[in-house]
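Listed below are the residues making up each chain.
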Amino acid sequence: MTAQDFILKSYHTNFETGSVKWASPSNIALVKYWGKKKDQIPENPSISFTLSNCKTITEVTYTKKEDKEFSFDVYFEGEKNEAFKPKIQTFFERIETYMPFLRDYHFKIDTSNTFPHSSGIASSASGMSAIALCLMSIEDKLNTVERSSDINYFNQKASFLARLGSGSACRSIEGELVVWGENESIADSSDLFGVKFEGDVHSNFKNYQDTILLVDKGEKQVSSTVGHQLMYGHPFAQERFKQAHDNLANLKTILASGNLNEFVKIVESEALTLHAMMMTSMPYFILMKPNTLEIINKIWAFRAKTDSKVCFTLDAGANVHVLYPESETEIVLEFIKNELVSYCQNEHYICDQIGLGANQI
Ligand code: DP6
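Residue positions are given per chain, counted from 1 along the sequence in the order it is written. Since the coordinates come from a predicted model, pLDDT governs what is reported: local features require at least 70, and pairs of side-chain atoms require 80 or more to be given and counted, while whole-chain, interface and lining totals use all residues. Side-chain metrics rest on all non-hydrogen atoms present in the structure, leaving aside hydrogens and water.

Notes on the pattern of salt bridges
Here comes step 1: By definition here, a salt bridge exists when the distance from a side-chain nitrogen of Lys or Arg to a carboxyl oxygen of Asp or Glu is within 4 Å. Considering all chains together, one arrives at 15 salt bridges under this definition.
Here comes step 2: A salt bridge links Lys242 to Asp246; the shortest N-O distance between them is 3.1 Å. On the criterion of helical spacing, the pair formed by Lys242 and Asp246 is a turn pair, its members being four residues apart in helix H5 (residues 237-257).
Here comes step 3: When accessible area is computed with a 1.4 Å probe and restricted to protein chains, residues below 20% of their type maximum are described as buried, those above 50% as exposed, and intermediate ones as partly exposed. Of the residues examined, Lys242 reaches a relative accessible area of 46% and is grouped as partly exposed.
Here comes step 4: Glu262 serves as the salt-bridge partner of Lys265, at 3.0 Å between the closest nitrogen and oxygen. Elements are defined by DSSP. Helices are runs of H or I of four residues or more, strands are runs of E of two residues or more, and each kind is numbered from the N terminus.

Right, dumping it as C-alpha cells:
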C-alpha cells in the first residue's frame, strides 16, 4: 500500500444530509512512538494495547453545501467548542487529498469522552480516530464504485487518516494489540497505518488490565508535537530508534511465550527511555512528578515482596498506567487502594483493560 492508494477517485454527492457515529478507544503504547518525520511518519515502530473503557464518542452530521470552503462546527459534551477547531482544520487540510468530498459538505462534529476531560488523559488518540472513522463511513456512503466495502481497506484507510490527525491515533481502530511502523519481525507492518498484531498471544495477556493513576490532571507541560521535535538532532536519537526496533522484535517473542518477567522489563524500560529522551533533549524537560516516582518505587517494592507481575508504563506526562494480568486483579487493586491512591490527584484513578477497537453506533 502507498499513500496514493488511499485517494478517493470518484464519488457521488447526492446525499443531502445524514449522520454517522463511532466510539473509538484510547490506547497505551508498550514500545513508544517518539520522534517523527514529515507527514506524521514515525521514526521508529511502536506497539500498543488498545483500551476498552477510555473512549471518545463522536457523531458527524453532514449537510451538502454549494461553496468549496471547509465548513464545520465542533461541539464538546453538548457545548459549542472553538478550542478544538484549529486541530480539526489542520486535520482536514492534511487529509483532503484523500477525501475530496470534505469541501462539499458542512460538518457538525459532536464529541464526548467517557473519561473526564480534565483527567490529563490524552484524548487525541481516541478523538482523532473517532473522527477518521466517521469520515470513512461517510466516504462509504458516497462511494458506490470503489472497494470501500472491503473491511481491510476501511480499517487501513481509517488508521491512515487518524495518523494524519495524531500519530498514536492510528493504533486505536482495532484491538487488542496494534503495531504501527515498519519492523522486520512484523509482516505487513507499515509506517502509513497501524496493523492488528497477528502473532501468537499467550493467554497470560488475555484481558490484561490497565489502571490509570491520575497523578497530575493539569495541561501537559510539553505537547507531544513539541516533544517529537526534540528528537531532531537529539544526541541519542539513532540509538533510541534502533532500540525500539529490537524491543518490538523481542516483545513479539514474549507475547507468544507469555514470559511476564521479560514483558515487565521491556515495558518499564520503554517508559523510562521515553522520559530519558525528554530529560536529555535541548531544551530538556522532566514530566514526571514526585508522586510518579513514589508510585514507581512502590510498584517495585510490591513486586519484590510478592510474586506479582504488576508493572508501570508512562505517556508523555506524570500519570502512571499500572499494567497487570487479569488473574492479579484482586491483589493489585487492593495494593492500589492501600498504597498508591494517596499519590493521585483527588485520589482519582480509572480502571481499564485491553479492548477490541472502535465500533460504529
Ligand atoms: C508518548 O500521537 O500524541 O504517547 O503525532 O504529534 O499527535 P502526534 O503525537 P502523539 O504522540 C504520542 C506519544 C506517546 C507514545 C505513544 O503513544 O506511542
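That was the structure; now back to the text.
As for the packing of aromatic side chains
Here comes step 1: Any Phe, Tyr or Trp ring, taking Trp's six-membered ring, that has another such ring centre within 6.5 Å forms a pair; planes under 30 degrees apart are called stacked, those over 60 apart edge-to-face, and the others tilted. A full pass over the atoms with the stated rule returns 21 aromatic pairs.
Here comes step 2: Aromatic pair Phe49 and Phe263: ring centres 6.3 Å apart, planes at 35°, arrangement tilted. Highlighted residues: Phe49 in strand S4 (residues 46-64) and Phe263 in helix H6 (residues 260-279), separated in sequence by 214 residues.
Here comes step 3: Classification of Phe49 as buried rests on a relative accessible area of 2%.
Here comes step 4: On the basis of relative accessibility, which here comes to 0%, the residue Phe263 falls in the buried class.
Here comes step 5: Between Phe205 and Tyr208, the ring centres sit 5.5 Å apart and the planes meet at 35°, which makes this aromatic pair tilted.
Here comes step 6: Taking relative accessible area as the criterion, Tyr208 reaches 1% and is therefore assigned buried.
Here comes step 7: An aromatic cluster is built from Tyr62, Phe70, Phe72, Phe91, Phe92, Tyr105 and Phe107, whose rings are joined through pairwise contacts.
Here comes step 8: A cation sits over an aromatic face here: Lys85 above Phe72, 5.2 Å from the ring centre.
Here comes step 9: Working rule: Lys NZ or Arg CZ, within 6 Å of ring centre, within 35 degrees of ring normal, means a charge sits over the ring. The side chain of Arg103 reaches across the aromatic face of Phe70, ending 4.2 Å from its centre.

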